[in-house]
Amino acid sequence: MGAGGTGQADAGRGETGGVRTALAGLTTRGRSFLAAGIAAAICAYVLGQRDLLRVGLLLASLPLICATVVYRTRYRVTGTRRLAPARVPAGSEARVHLRMDNVSRLPTGLLMLQDRVPYVLGPRPRFVLDRVEPGGRREVSYRVRSDLRGRYPLGPLQLRLTDPFGMCELTRSFSTYDTLTVIPRVEPLAPVRFSGEAQGYGDGRQRSLALAGEDDVIPRGYRYGDDLRRVHWRSTARYGELMVRREEQPRRSRCTVLLDTRGGAYEGAGPDSAFEWAVSAAASVLVHMLERGFSIRLLTDSGSVVPGEGADGFAGSGQETAEAAGLMMDTLAVIDHSDGTGLSRAYEVLHGGNEGLLVAFLGDLDEEQATTVAKMSRRSGGAVAFVLDPDTWVREATDVPRPGDRHAERLRLLREAGWTALSVPRGATLSALWQQADRERSGLAAMSGEAAR
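Residues numbered from 1 in each chain as written. Predicted model: local features only at pLDDT ≥ 70, side-chain atom pairs only at ≥ 80, totals over all residues. Heavy atoms only, no water.

By the naming in an unreviewed UniProt entry, the protein chain is Membrane protein, taken from Streptomyces roseochromogenus subsp. oscitans DS 12.976.

With that settled, consider the overall build of the protein chain. For the protein chain, the helix and strand inventory stands at eleven helices and 21 strands. Residues counted as buried form 45% of the 453 residues belonging to the protein chain. Summed over its atoms, the accessible surface of the protein chain is roughly 24000 Å², and 51% of this surface lies on carbon and sulfur atoms. (Helix = DSSP H or I, 4+ residues; strand = E, 2+ residues; numbered from the N terminus. Buried < 20%, exposed > 50% of the residue type's maximum accessible area, 1.4 Å probe, protein only. Areas by Shrake-Rupley, 256 points an atom, 1.4 Å probe, with all protein chains shown as cover.)

Before going further, it helps to spend a moment on the pairing of strand S19 (residues 357-362). Burial of S19 is extensive: six of the six residues sit out of reach of the surface. Neither face of S19 is open: one carries Leu-357, Val-359 and Phe-361, the other Leu-358, Ala-360 and Leu-362, and all of them are buried. In the sheet, strand S16 (residues 254-259) pairs with S19 via five bridges, with the strands oriented parallel. Bridge pairing links Thr-256 to Leu-358 in S19. On the question of chirality, the crossover connecting S19 to the parallel strand S20 (residues 382-388) by way of helix H8 (residues 367-376) is right-handed. (Pairing = 2+ DSSP bridges. Right-handed = clockwise from strand over helix to strand, strands pointing away.)

Moving on: a nonpolar patch on the surface. The grouping of Ile-38, Ile-42, Tyr-45, Val-46, Leu-47, Leu-52 and Val-55 at the surface amounts to a nonpolar patch, some 740 Å² of accessible area in total. Secondary-structure elements contributing two or more residues to the nonpolar patch are helix H2 (28-47) and helix H3 (50-72). The leading source of residues in the nonpolar patch is H2, at five residues. On the secondary structure map, Leu-52 appears in helix H3. Note on Leu-52: relative accessible area 30%, which makes it partly exposed. (Patch = residues over 30% accessible without salt bridge, like charges linked within 9 Å, V, L, I, M, F, W, Y side chains within 5 Å. Salt bridge = Lys/Arg side-chain N within 4 Å of Asp/Glu carboxyl O.)

Okay, the packing of aromatic side chains next. Considering all chains together, one arrives at four aromatic pairs under this definition. Consider the rings of Tyr-266 and Phe-275, whose centres lie 5.3 Å apart with planes at 70°: the pair is edge-to-face. For the pair Tyr-266 and Phe-275, one class covers both residues: buried. On the basis of an interplanar angle of 65° and a centroid distance of 6.4 Å, the ring pair of Trp-277 and Phe-361 is categorised as edge-to-face. Placement of Trp-277 in helix H5 (residues 274-291) and of Phe-361 in strand S19 is noted, with a sequence separation of 84 residues between them. (Phe/Tyr/Trp six-rings, centres within 6.5 Å; stacked < 30°, edge-to-face > 60°.)

In this section: the state of the cysteines. Summed over all chains, the structure comprises zero disulfides. Looking at the unpaired Cys-66, the closest cysteine sulfur is the one in Cys-168, lying at 7.9 Å. (Disulfide = S-S within 2.5 Å.)

Take H8 next. Inspection of H8 places Gln-369, Ala-370, Thr-372, Val-373, Ala-374 and Met-376 among the buried residues, and these make up the whole buried set. Tucked inside the fold, the buried residues of H8 contact S16, helix H7 (344-350), S19 and helix H10 (405-416). (Contact = heavy atoms within 4.5 Å.)

As structure tokens, this is what we get:
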């Protein structure tokens with residue numbers, strides 16, 4: 001549940017040039033009455049008809065009086081917007097709740113409330129509010145939906161004041177606005193185990209120092225407050241002073257998700273394009289691995305893109321996990337094609353050391369890019385690649401697919417380098433590919449074990 005902003009509008013304050021502002025607020029009906037009155041007055045003067053002059057003055061004065069009354073109406077109202085939720089997956093609906101409070105001592109007249117929304121979220125909502133008593137409130141709501149990722153501003157609220165005859169309308173705007181974040185769709189994944197990888201805090205866990213640094217590799221000297229049960233008697237006898245054992249604690253397994261965002265690697269656009277599939281799949285893997293206790297990191301062809309990400313990625317439990325997932329989803333909500341043509345920068349980031357499990361979502365690869373990706377598996381404990389097949393994504397589903405010799409050659413190159421590489425045709429689901437990758441990797445591990453024996 002997201003809370004929106006609160007703003008205040010003074011319905012009795014106009015902009016500079018009060019008369020001009022009031023006349024500019026005349027509606028089509030008001031302008032017609034004014035023109036008819038002026039025309040009747042001129043005809044009455046020319047023809048010498050006094051009765052027609054009275055009719056003309058009545059027609060012309062009515063919209064002027066309404067404009068003056070609306071312009072000089074003085075009451076203060078506050079508006080509040082609340083999003084539920086403020087972060088919504090693509091294709092899902094969010095509800096926007098609006099509340100108007102009359103904080104003045106006078107009742108309001110007829111009000112028209114309008115909220116400004118981008119066209120991709122739907123039509124602009126409008127509400128007509130009846131008389132609001134002093135200290136009273138009115139609540140309305142509307143729904144928004146978008147199939148496209150992004151961050152969309154909502155607001156500011158606009159309040160239209162009108163008279164009972166519909167002769168004049170004046171607009172007052174609030175100053176605050178809110179942002180609706182449309183994140184990629186996340187697909188639930190089965191809890192598979194890629195051979196050779198630790199399951200978060202589960203089997204195959206690694207150990208790390210609880211205290212700081214490499215100085216604690218050997219037992220350290222006793223410090224006031226240390227538990228006597230941790231005394232290392234052999235080292236104590238050797239050094240002639242009390243020595244305590246170093247503490248150990250489980251270290252999170254690491255997972256890096258590589259998302260290829262090169263503009264030349266994908267063709268097509270829209271919610272069903274290949275790039276949107278890759279972004280949604282990367283989001284699904286990030287959320288899945290974070291929930292399993294992994295320390296995760298998002299990497300693109302241009303390097304790390306998530307602000308605030310540490311050297312080991314994001315890790316946490318409970319509220320920290322939710323915050324890390326939200327930050328990554330916000331980043332993926334606005335990620336777009338890069339101007340890069342290669343994957344060398346991502347390889348440089350991975351070149352520093354063992355990155356644990358590496359899951360890559362790749363677009364179309366040429367020979368040089370495939371060679372760079374192949375070398376990335378040397379710096380990982382396990383490498384899984386989902387390579388989108390360009391022939392099936394740019395062609396109609398009814399077309400007979402051509403043999404993708406180039407695509408098959410790239411997959412063979414990655415597999416020879418140690419990757420578990422899968423082709424992603426149009427219409428494939430990540431959950432099925434995820435389990436297929438686990439079966440293939442388990443089969444390769446079994447074959448390697450038999451060959452070693």
